[in-house]
Amino acid sequence: MDLVREYLKLSAVDLEGVLSALDIQAAKQLLQLLNINWNGLQIRDDLKRVMAAVYFNRILLVDPNIFPEFDNFLPLLSASEIQALPAILDKEQVLYMVNQSFGKLSIDQRRAFAQWTVDSGQYSNITTWSLKFLHQVSSLLVYLPFEKFQLLTRLQILNSLNVLLMNNLTTVQERFVIHSILKEGSPMTASEFESLGRLICSATTQDLRFYKQNLQVFDIIKKQILKCIGDQIFVPNELLTEVLVRTTSVTNQEILMHDELLSMAGLLPILGLSFIKQLQPAQIQGMLPELSAMTFSPAQAREITDKILQNASITEELLSNLGSLVTGLSPSILRVIPTALLVHAMPSMAEYEWKLSPVQKLIIVNKLWASGNMKWIKGLDSLIKDVPLITLRSKLTMLLSNVNVTSQMKWSVQQAQMLFRKVLEANGHNMTKDLFISLGFVARGVDCLTLKHLITPSALLTLLQFFRDLPIEMPVPLRSCILEAMNGFVLSMETMQSMRPQLLFDLQLLKMRRFSNNMTQRLLHILVENPIPFLKIPSSKQSLMVDWILRVLDLYDRRFSKAEFNLLGHALAFVSDEIFMAISQAEMKANLLKIKDYCFDRGKKFLLGDMLTKDTMFGVTTNWTSLTLDKIDRLVFFLSIDNLQKIPQNVLIMERIEMLFHSQKQWEESDFGSACLQKMETSDLDDLFRKQQILLQTSAGLLSAKRLQTKNGLVLSCNAVRTTLPSVWTIDLLTSMSNDDFVSCLELFGQDPHFESFELFQLMERVKQIYRPVSAMPPKVIEQLGQIATQFTEKDLTRLDLSDLGAVTALGKIAKWSRKKLTILFTTFLRVNRRSINELDSVSLVALGHLICGIKQADISAIDRMYFSMAVLWTGRLSLSCDEQQLAALAKLVTHSLTFGDVSHWRSEEFTEIGSIAAGLPDIILSALVKEQIEGLTPVAVATISPKKFSVAFSPTQIRMFNYQQAVAVTPAQRQELDDFQKKALDMVLTSWHRTAIDIRGRSSGEVISGSVIGILFCVVWTVLHSSGETYL
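Participant: Would you take a moment to explain the overall build of the chain for this structure?
Facilitator: What the chain contains, in helices and strands, is 75 helices and two strands. By the compact-globule yardstick of 31 Å for 1033 residues, the chain fits well, its C-alpha radius of gyration being 31 Å. Each principal axis of the C-alpha distribution contributes one length, and for the chain these read about 90 × 85 × 55 Å. The proportion of buried residues among the 1033 residues of the chain is 55%. Intrachain contacts of the chain at a sequence separation of at least 6 include 71% that bridge at least 24 residues. Counting every atom, the chain has about 44,200 Å² of accessible surface; 52% of that belongs to carbon and sulfur. Charge centroids of the chain, computed over 102 positive and 102 negative side chains, lie 3 Å from each other.

Structure (C-alpha cells):
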C-alpha cells in the first residue's frame, strides 16, 4: 500500500507513464488494491481519470475478464469509451454494475450504456426481451435511443411501468407510452388507471374520451390532471377544458366549497384574472399555503395579495407565507410595511427577485439599507446589487468593519470597484494574494494595475482558480486585464484548466493555435460543457474556433463517427455548412433529442429543416404522423413554410400545436435558449413567429377562405391563447373573446411584441368598451396594457388615473412614445398626484422610466439631485429617447458636487452606474476620458450618444480603448459620421479577438471582419513582434 500511496503523489502525466509501463498482472494487482482501499485513499479526480483511461484503453482490451473490477471507474468513462466496450463482455454482469453505479452516471453515460446494450446481435431486437432481462436493464430502459424504445410492446411497457415512472421520461417517450397503453388491448380498470400516474397528462383528449362515461375512472383522470397542474407539468388547454372545465362547476366559484377550492388551487393561474376577481378574500386566505408555491402573472399576484390584505393585517406570519405572491405587493403596500416586518419576506423576495419591478426593489432596498442593521442588510441577498452607488457610500465604514460578511455578498461590478478601492486605501495600497482572495465577491472590483502586480508566475494558477470558482460573472475589463497580464506566458494544460471558460474563450485565436492536440481536445471539452459562455463570443470567432478544433483533431475532411458526433456536442452547430451537410443523417436522426436544444444560425436551420424531409430521416411532410411530430418537436419550426403547410391536417391537432409552442417556450426560457435568442437577428425572430402563426392557423383552419369566412365557429378562451401566443391568432378572434376571457388575457396581449399598430388599436378599442370612460379605468388595468397603451389618444392620456405607481411603472417601461405623449403623461402624473417636480423622490423617478423624457429641459434642474442619483441605476439602463438638451440637463444632476462630483475625478464605477445618462456629458468631457473611465461606459450609453457628438468627442485612440461589446453597440448612424481613422480604430476593436484577421484555413474569413487592410496588417505585425519571450506555465 505504501507504493500505491507513492503512485498517488505523482502528477497525472507521470502516473499515466507508470501505469502504461506495468505488465498486465501487476496492473490487475494494483487495481484490486485500489478497489479494496478506494474510500480511504482520497484519490484526486485527475488521477482517477488517468487510471480509468489507461485501464480501459490498454488493460481491458487485452483482458476483458478484468471488467468486474471496474466498479469504481464506471462513472469516469467517457460516452465514447463506454460504447467501445468489448461486445464479448457479459451483458448481465455489466448491467448489474451499471445499476449499482446508476446515480453517479451522467445522462450521456447512461445513454452510452443503453446504446451498447442494444448494439450486439443477441439483444438488438427489443421485442424479444424477456421480462427478466427488462428487469436487469432497469432504468437504462429510459435511455435507449427512441428508435429502439418505440419497439417496446404494450406488455413490456406495462411490466416496466414502475421503472418508467421512477425516471424522467422525455415528452415523446411519455406520449408514446400512454398512447401504446390506451390504444391497444382491453379497456383499463380504475386501479390500472391509477398506476399510470403523470402519464395521464400526456394523453390526448381522444385517448381519454372513451372513459368519460366511467365515473370512477374519470374521477382518477381529473385528480391526476389537477396534480400535474399543481406540479407545474404542462397540460394542453384542449385536455384541460374537456376533463375539468366542462365536467365540473369550476366556473361557478360562489358555490364551490372550501375543500373543492383547495383541491383546485393549482388551477387558479389557468382560470385567470376574471375568476380570481370573483373570489372572496376569505376563500383566497384559506388557499394561501397552496397558492404561495404557484406561478402567477404580475396582475394575478397583485389581485390575490390585494384581496388577502383586505381582511388581514400585515403580520410576520403573513409575509413569511406569501412565497411567490410577494411579487404582487404593490408599491403603496411595500412603502407602509415596517422594516422589522419586511425582513421576514426577504427569503421569498430573494427567490423571486427576477420578477420584482425596479420600483419594488428600490423600496425594499431603501428600507433595509436605511435601517443600518448589518444583519438585515445581509438579508438583502440577491437584491444587494440593486443598492444605488450613492447609497452604498453612506455605509462604507460599516461594510469595511464587517469585511467577512461583505466579501460574501454578490455586489454589482461598480459596487465591487468602489468597495475594493476603499479596502486598498485602508491597507495602504498594499495588496497581497491572500488578502485579495479573502475579499471574495469584492475582489472582482480590482483595478487592472493592482491585479497585474498580483499576477506573478507563482500566483497565477491560484488567482485563475479563484476567479474560476467565484459564482458570478467576471466583467469584461477584468477579463481583458488578466489576459494582458498573461501575455508573457505560454499556456500549459494546467493553466488552461484553471481558467474560467469565458476567460479561456476570450483568448486570441493565435494563442489557441499554439495549443497542443491534448489541449485542443480539452478546449473542445470545456466548450461542450460550457455552451453559454461560448455563445457570448463573436459569431465569427465561434466558427473559426470550431473550425480550428476540427482540423487539429483530424475531423475536418471526413464523416464523423458516432463517438466524434457525441464528442462535438453543442459545437456541432458551429461547424461550416459544408461539414454540417456531410454529417450522417442517420446519426442526426438518432440524436434529435440533443440537437433540438442546440443554437443554430439561420443557415443551419434551413439545412436541418431540409434534412428532416429527406427519406433517410422522416421523408416528405405529407406522410408525417403524430409520432413524427412528437419526435421532431420544436425543430418543426426549422421547416420551410411550404413544408409546414403540407403536414396532414389530422396530425396538426390543437393539443399537439400547444405542445410544440410549449416546447419552444421552455427552450427560450432556459438559460441556454435565452442566451441563443440574444444572438439571433430580428429577421430570424420574425421568421420563427411567421411559422408559428402559419402552423397554428393551419391547425385551426384559419387559412382556409371558406372556414375563415365563418370563423370556423371558433370562440377563443384565454387559456387557448396562453398556451400558444396571442398574436398568432387573428385579431378578430381576439377581440371577439368573452369579456372574462379578454380581461384575463389583457396582460398577455400587452406583453406580445408581434402585434402591428392596427391590431393594437383594435385591442385598445375593446379595452375601452369594457372599461369606459377612460377616466374610470382602474390603475390595475393600466398596469396590464403594455404596448396597447401606446394607442391611447392624447386626450385619453390627460384623463388617466396615474395615482398608483404600478400603473406609472408599466407606462414608463414603454419606449415607443411620441415626444408630445411623453410630455402629456408626465404632466398628468404630476397633476393627479398633486406633486411638483422638486417633490419627486427616487422611487417616483424610477417608476417614470422613459417618461422622464417628458420633463422639459428647463424643468429638469428642479429634480432633487440626490434622489436622481439614487434612481439613475435604473434610469441609466434605458435607451432613453430624450433629446441632447434633456440628457445634458440630467447629466448635470449627477455631476453636482453633492452627488458624484466632477467627472475628472470619476473612475469606471460612476460611468457604469449612470449608464445612458453619460450620453449627456459635454463633448469636451467625453474627449478627455481615459481608459479606466471608458471601460465604465455601458453599451447602452455608447448607443445613446448622438452621431455628431460621438464623432466629435471620441478620438481614434479613445475608440481603440473600447471593448468588443462597446464597439458592437456603435450604431450605423454613429459610424457614418466617423472619419477614416476613427473607423479603422473601431474595426480594430471589432477584430481584436482575431489579431491575424486571417482564417485558419488560410483565407480571409470574410464574415464579420470588416476592419481595414492597414488595421489588419498592423495586428499581424504586432502579434509577430510580441510572440517571443514568453514564460511557460
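Participant: When you look at the pattern of salt bridges in this model, what are you seeing that I'm missing?
Facilitator: Side-chain pairs of opposite charge can arise where the charged atoms are in close proximity. Tallied over the full model, the rule gives 40 salt bridges. In this structure, Lys385 and Glu353 form a salt bridge, with 3.0 Å as the shortest nitrogen-oxygen distance. Here Lys385, found in the loop between α28 (374-378) and α29 (389-392), pairs with Glu353, found in the loop between α26 (346-351) and α27 (358-371); they are 32 residues apart in sequence, far enough to count as distant. Judged by relative accessible area, which is 12%, Glu353 ranks as buried. Linking Lys422 and Glu425 is a salt bridge whose minimum nitrogen-to-oxygen distance equals 3.7 Å.

Participant: Sorry if this is basic, but what is going on with the packing of aromatic side chains here?
Facilitator: Centre distance and the angle of the planes are the two values used to describe a pair of aromatic rings. Under the defined criterion, the tally for this structure stands at 26 aromatic pairs. With a centroid separation of 6.0 Å and an interplanar angle of 75 degrees, the aromatic rings of Phe420 and Phe436 are classed as edge-to-face. Placement of the pair is Phe420 in helix α32 (residues 413-426) and Phe436 in helix α33 (residues 433-438), with a sequence separation of 16 residues. Phe420 gets classed as buried once you look at its relative accessible area, which sits at 1%. We classify Phe436 as buried; its relative accessible area is 0%. Here Phe534 and Phe574 contribute two aromatic rings whose centre-to-centre distance is 5.1 Å and whose plane-to-plane angle is 80 degrees, an arrangement assigned as edge-to-face. With Phe534 in helix α41 (residues 531-535) and Phe574 in the loop between α43 (562-568) and α44 (577-582), the pair connects residues that are 40 residues apart, well separated along the chain. Phe534 gets classed as buried once you look at its relative accessible area, which sits at 1%.

Participant: Would you mind going over helix α56 (residues 739-751) with me for this structure?
Facilitator: One full turn of an α-helix is made of 3.6 residues, so residues set three or four places apart face in the same direction. Here α56 is 13 residues long and its end C-alpha atoms lie 19 Å apart, about the 18 Å a rise of 1.5 Å per residue gives. Of all the residues in α56, the buried ones are Phe742, Val743, Ser744, Cys745, Leu746, Glu747, Phe749 and Gly750.

Participant: How should the environment of Tyr556 be read in this particular structure?
Facilitator: As for its placement among the helices and strands, Tyr556 is situated in the loop between α42 (539-552) and α43. With 488 residues separating them in the primary sequence, Tyr556 and Pro68 have C-alpha atoms 38 Å apart.

Participant: Honestly, the packing of helix α2 (residues 12-21) against helix α5 (residues 45-62) in this entry has me stumped. Any pointers?
Facilitator: Axes are the key here: two packed helices are described by the angle between their axes and the distance separating the axes. At a minimum axis distance of 9 Å, the contact between α2 and α5 shows a crossing angle of 30 degrees. Between α2 and α5, the interaxial angle falls into the category roughly parallel. Seen along the crossing, α2 lies across α5 with a hand that is right-handed. Residues Ala12, Leu15, Glu16, Leu19 and Ser20 of α2 lie in contact with α5, whose contacting residues are Asp46, Leu47, Val50, Met51, Val54 and Arg58.

Participant: Help me out: how do you make sense of the side chain of Ser869 in this one?
Facilitator: Among the secondary structure elements, Ser869 is positioned in helix α64 (residues 865-875). The class for Ser869 is buried, based on a relative accessible area of 0%.

Participant: Could you clarify how one ought to interpret the nonpolar core in this entry?
Facilitator: Note that soluble globular proteins tend to have their nonpolar side chains buried in a common cluster. Membership of the largest hydrophobic core comes to 260 residues, with the highest contact counts inside it found for Met349, Leu380, Phe436, Trp729 and Phe749. If we ignore the near neighbours within four places in the chain, the residues touching Phe749 are Val721, Pro726, Leu734, Met737, Phe742, Phe755, Leu763 and Ile788.

Participant: What's the story with unusual backbone geometry in this structure? I'm lost.
Facilitator: Peptide bonds are, in most cases, trans, and in most cases residues other than glycine have a negative phi. With an omega of 0 degrees, the peptide bond running from Arg772 to Pro773 counts as cis. Here Pro773 shows up in the loop between α57 (757-770) and α58 (779-782). Within the chain, Ser138 stands out as a residue other than glycine whose phi angle is a positive 50 degrees. Its relative accessible area of 18% is what places Ser138 among the buried residues.

Participant: Would you mind going over the state of the cysteines with me for this structure?
Facilitator: In protein structure, a disulfide is the covalent linkage between the sulfur atoms of two cysteines. Tallying each qualifying case throughout the model produces five disulfides. Covalently, Cys718 is tied to Cys745 through a disulfide, its sulfur atoms 2.2 Å apart. Between Cys718 and Cys745, the S-S dihedral sits near 100 degrees, and the bridge is therefore right-handed. Separated by 27 residues along the polypeptide, Cys718 in helix α54 (residues 718-722) and Cys745 in helix α56 bring together distant segments of the chain. Shown here for the chain is a disulfide pattern of 1-2, 3-4, 5-6, 7-8, 9-10, where each number marks a bonded cysteine counted in sequence order.

Participant: Is there a simple way to explain the environment of Gln29 in this structure?
Facilitator: Relative to the assigned elements, Gln29 resides in helix α3 (residues 24-36). On the basis of relative accessibility, which here comes to 45%, the residue Gln29 falls in the partly exposed class.

Participant: Is there a simple way to explain α32 in this structure?
Facilitator: When the terminal C-alpha atoms of α32 are compared, their 20 Å separation across 14 residues agrees well with the 20 Å that a helix rising 1.5 Å per residue should span. Counting buried residues in α32 gives 10 out of 14 residues, a clear majority hidden from the surface. The set of residues buried in α32 consists of Gln414, Gln415, Ala416, Gln417, Met418, Leu419, Phe420, Arg421, Val423 and Leu424.

Participant: Help me understand the packing of α64 against helix α65 (residues 884-894), please; the structure alone is not making it clear to me.
Facilitator: One can describe the packing of α64 onto α65 by two numbers: an axis separation of 8 Å at closest approach and a directional angle of 105 degrees. Here α64 is positioned roughly perpendicular relative to α65, judged by the angle of their axes. Touching Arg865, Phe868, Ser869 and Val872 of α64 are Leu890, Leu893 and Val894, all from α65. Within the contact of α64 with α65, the residues separate by chemical class into five nonpolar, one polar and one charged.

Participant: Just checking my understanding: could you explain the confidence of the model for the chain for this structure?
Facilitator: For any part of a model where pLDDT is low, the fine detail of the predicted coordinates should not be relied upon. The predicted model of the chain has a mean per-residue pLDDT of 88, with 93% of residues at 70 or higher. The least confident element of the chain is helix α75 (residues 1013-1025), whose mean pLDDT is 40; the most confident is helix α62 (residues 842-848), at 98. Low pLDDT (under 50) marks residues 705-711, which in the prediction has eight contacts with non-local residues, meaning those over four places away or in another chain. Taken together, the stretch residues 996-1032 has pLDDT below 50 and engages in 55 contacts with residues farther than four places along the chain or on a different chain.

Participant: Would you take a moment to explain the environment of Lys605 for this structure?
Facilitator: Topologically, Lys605 is positioned in helix α47 (residues 602-611). Along the chain, Lys605 and Ala573 lie 32 residues apart, while their C-alpha atoms are 9.5 Å from each other. When residues no more than four places from it in sequence are discounted, the contact partners of Lys605 are Phe600, Phe638 and Met680.

Participant: Hey, could you run me through the side chain of Lys596 in this one?
Facilitator: Its location among the elements puts Lys596 in the loop between α46 (592-595) and α47. Only 3.4 Å separates the side chain of Lys596 from the side chain of Asp633, close enough to count as a polar contact. Contacts of Lys596, omitting those with residues within four sequence positions, involve Asp633, Arg634, Leu635 and Trp667.

Thresholds applied
- Residues numbered from 1 in each chain as written.
- Predicted model: local features only at pLDDT ≥ 70, side-chain atom pairs only at ≥ 80, totals over all residues.
- Heavy atoms only, no water.
- Helix = DSSP H or I, 4+ residues; strand = E, 2+ residues; numbered from the N terminus.
- Rg over C-alpha atoms; globule rule 2.2 N^0.38 Å.
- Buried < 20%, exposed > 50% of the residue type's maximum accessible area, 1.4 Å probe, protein only.
- Contact = heavy atoms within 4.5 Å.
- Areas by Shrake-Rupley, 256 points an atom, 1.4 Å probe, with all protein chains shown as cover.
- Lys, Arg positive; Asp, Glu negative; His and termini not counted.
- Charge placed at Lys NZ, Arg CZ, Asp CG, Glu CD.
- Salt bridge = Lys/Arg side-chain N within 4 Å of Asp/Glu carboxyl O.
- Phe/Tyr/Trp six-rings, centres within 6.5 Å; stacked < 30°, edge-to-face > 60°.
- Expected span 1.5 Å × (residues − 1).
- Axes fitted to C-alpha atoms, helices over the stretch in contact; angles between N-to-C directions.
- Parallel < 35°, antiparallel > 145°, perpendicular 65-115°, else oblique.
- Left-handed = near helix turned anticlockwise from the far one by under 90°.
- Core = buried A, V, L, I, M, F, W, Y, C linked by side-chain atoms within 4.5 Å.
- Disulfide = S-S within 2.5 Å.
- Nonpolar A, V, L, I, M, F, W, Y, C, P; charged D, E, K, R; others polar.
- pLDDT = per-residue confidence, 0-100.
- Polar contact = N/O pair within 3.5 Å; in protein donor to acceptor, adjacent residues only side chain to side chain.

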